[in-house]
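# Geometric and topological summary
Given next are the chains, with one letter for each unit.
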Amino acid sequence: MGGNGKIAVVGAGLSGAVIGRELALAGYSVEIFDVRDHIAGNCYSERDADTGVMVHIYGPHIFHTDDEEVWNYVNRFQTFMPYKNRVKTTVDEQVFSLPVNLHTINQFFGKTFRPDEARAFIEEKADKTIADPQTFEEQALRFVGRELYEAFFKGYTEKQWGCSPTQLPASILKRLPVRFNYDDNYFFHRFQGMPENGYTDMVAGILDHPGITVHLGTRFDKSQNDAYDHVFYSGPLDGYFNYEFGRLGYRTLDFERFTYEGDYQGCAVMNYGDPDVPYTRITEHKHFSPWESVAGSVCYREFSRLCGEDDVPFYPIRLVEEKQLLASYVERAEAETSVTFVGRLGTYRYLDMDVTIREALDTAALYRKKTADNAPV
Ligand code: UDP
């Protein structure tokens, strides 16, 4: 490999930008390649020219974390404005509050329960024969019972993942809390917010270092590896190995964009739990920046489907067959001593932004430690 502390980073999303910056700060010369014509990966945001709305081009991204170091890190590049994710869902011609909370339970069952009463009521509904839930469906039946599961989770999940919740891991549902009070904050985390000038601006700040050169619209080929001391690869893991064992499954999203004069739905995210509504949710982007006042509105209807060869991969599916395939690729990846695979696509995991940044910081720190003896400065 190359010498003189030269690093290639494939992908200018969160993983690539953070690793690139941390290594540039340590004196390495970093080149970042991205096939897209923009930085920031799937958290790319752009102001709509007509309405002035900050649009999350690849769907909503809301920053939330318990990791204080990560929170401080992102705050160095961007002012984070207070933002709480308060999701609604339309089911059977009614609008409910998510995540499932005391309001949802009382409205759904036509009750006026206090917290303890609701807890006891739901406990009655729970299928206690399921001791150790493995699948999404088991997790739901164990913790909320069949009625709430069928109304809020079954249809949505079938649309989102294109399969039965009996085939999905319980971990997907564990992302969502169930609350026996009126707290409708979607996340548990201590730190939550939205970057004042958008994620693109935040990532631009991370990349702004004289030791970093960014090549957009440029595909990196592994035949270039030898020109670098090390490569950090955040592209699709299977793609790196030319899909030699087959393709890892992803869901992709299609966004049907529409504009509206005024306020279309009064909130940022409206889910649709009914199976006969073809989209999973509608996002109204101006509500992601509640501190801005704009007259018009930009909305996305979000449709999920299996990712084809030319589509943008969003969610790793990770069913049993993918896990076996993944193991074959991970074995190949581990044998590549001068390439480190990082991020959502490079490790084929459903990663939140804060975890992505945490792992990128750790990966860069580890590399700096390993190469301390012959580091450039
Ligand atoms: N989910 C659901 N109904 C909803 C919202 C979510 O069944 O109204 C399920 C769905 O399977 C989804 C998972 O819970 O994939 C996790 O939801 P989350 O909001 O974290 O999904 P993301 O924002 O990552 O798309």
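What you see is a predicted model, and the numbers here were worked out from it, not measured in a lab.

### Quick notes on the sheet that holds strand S5 (residues 63-65)
- What the three strands build is an open sheet, ordered S5-S9-S6; its pairing is antiparallel. The open sheet has two edge strands with one neighbour each: S5 and strand S6 (80-81).
- Both S5 and strand S9 (residues 191-195) contribute to a ladder of three bridges, which runs antiparallel. Bridge pairing links threonine 65 to phenylalanine 191 in S9.

### Remarks on the site of the ligand
- The local shell around the ligand holds 16 residues, among which Arg175, Tyr186, Asn271, Tyr315 and Tyr350 are the closest.
- Contact distances for the ligand include 2.8 Å between an oxygen atom and a side-chain N or O atom of asparagine 271.
- Burial of the ligand by the protein chains amounts to 93% of its free accessible area of 520 Å².
- Take the shell around the ligand: its biggest share by element is six residues, from helix H6 (residues 145-161).
- Along the lines of polarity and charge, the residues of the shell around the ligand split into 11 nonpolar, three polar and two charged.

### Here's the deal with the side chain of aspartate 34
- In this structure, aspartate 34 sits in the loop between strand S2 (29-33) and strand S3 (45-47).
- We note that aspartate 34 is buried and unpaired, the nearest opposite charge coming from arginine 36 at a distance of 5.2 Å.

### Details of the packing of helix H1 (residues 14-25) against helix H2 (residues 68-77)
- Across the interface, H1 lies against H2 with an axial gap of 13 Å and an inter-helix angle of 85°. In this view, H1 runs roughly perpendicular relative to H2, as classed from their interaxial angle. Where H1 abuts H2, its residues Val18, Arg21 and Glu22 lie against Tyr73, Arg76 and Phe77.

### What about helix H11 (residues 353-370)?
- The terminal C-alpha atoms of H11, which comprises 18 residues, lie 26 Å apart, in line with the 26 Å expected from a rise of 1.5 Å per residue.
- Of all the positions in H11, only Met353, Asp354, Thr356, Ile357, Arg358, Ala360, Leu361, Thr363, Ala364 and Tyr367 are classed as buried.

### Quick notes on the environment of alanine 204
- Checked against the element boundaries, alanine 204 lands in helix H7 (residues 199-207).
- Using a relative accessible area of 34% as the deciding quantity, one classes alanine 204 as partly exposed.
- On a C-alpha basis, the gap between alanine 204 and glutamate 123 in space is 48 Å, while along the polypeptide they are 81 residues apart.

### Brief notes about the pairing of strand S1 (residues 6-10)
- The buried fraction of S1 amounts to four of the five residues, a majority that puts the element mostly inside the structure.
- Where S1 and S2 come together, five bridges link them in parallel fashion. Across the sheet, residue lysine 6 finds its bridge partner in S2, namely serine 29.
- Crossover handedness for the path S1 to H1 to S2: right-handed.
- Pairing of S1 with strand S11 (residues 230-233) involves four bridges; the strand directions are parallel. Residue pairing for S11: isoleucine 7 is matched across the bridge by histidine 230.

### Comments concerning the pattern of salt bridges
- Scanning all chains against the criterion turns up 21 salt bridges.
- Between arginine 146 and glutamate 150 there is a salt bridge, with the nearest N and O atoms lying 3.1 Å from each other. Placement of the pair is arginine 146 and glutamate 150 together in helix H6, with a separation of four residues, close to one helical turn.
- Look at arginine 146 and you get partly exposed, because its relative accessible area is 43%.
- Here glutamate 150 falls in the partly exposed class, since its relative accessible area comes to 40%.
- Connected via shared salt-bridge partners are Asp67, Glu69, Arg358 and Asp362.

### A closer look at the packing of aromatic side chains
- With the rule as written, the count across this model stands at 36 aromatic pairs.
- Arranged with centres 6.1 Å apart and planes meeting at 55°, the rings of phenylalanine 220 and tyrosine 228 form a pair that is tilted. For the residue pair phenylalanine 220 and tyrosine 228, the accessibility class agrees, reading buried in each case.
- Note on phenylalanine 255 and phenylalanine 314: the rings are 6.1 Å apart at their centroids and 75° apart in plane angle, and the pair reads as edge-to-face. Residue phenylalanine 255 is located in strand S12 (residues 250-261), and its partner phenylalanine 314 is located in the loop between strand S15 (296-306) and strand S16 (315-316); the two are separated by 59 residues in the primary sequence.
- The exposure class of phenylalanine 255 is partly exposed, given its relative accessible area of 24%.
- Looking at phenylalanine 314, the relative accessible area reads 9%, which means it is buried.

Definitions and cut-offs
Residues numbered from 1 in each chain as written. Predicted model: local features only at pLDDT ≥ 70, side-chain atom pairs only at ≥ 80, totals over all residues. Heavy atoms only, no water. Pairing = 2+ DSSP bridges. Helix = DSSP H or I, 4+ residues; strand = E, 2+ residues; numbered from the N terminus. Near = heavy atom within 4 Å. Polar contact = N/O pair within 3.5 Å; in protein donor to acceptor, adjacent residues only side chain to side chain. Areas by Shrake-Rupley, 256 points an atom, 1.4 Å probe, with all protein chains shown as cover. Nonpolar A, V, L, I, M, F, W, Y, C, P; charged D, E, K, R; others polar. Buried < 20%, exposed > 50% of the residue type's maximum accessible area, 1.4 Å probe, protein only. Lys, Arg positive; Asp, Glu negative; His and termini not counted. Salt bridge = Lys/Arg side-chain N within 4 Å of Asp/Glu carboxyl O. Axes fitted to C-alpha atoms, helices over the stretch in contact; angles between N-to-C directions. Parallel < 35°, antiparallel > 145°, perpendicular 65-115°, else oblique. Contact = heavy atoms within 4.5 Å. Expected span 1.5 Å × (residues − 1). Right-handed = clockwise from strand over helix to strand, strands pointing away. Phe/Tyr/Trp six-rings, centres within 6.5 Å; stacked < 30°, edge-to-face > 60°.

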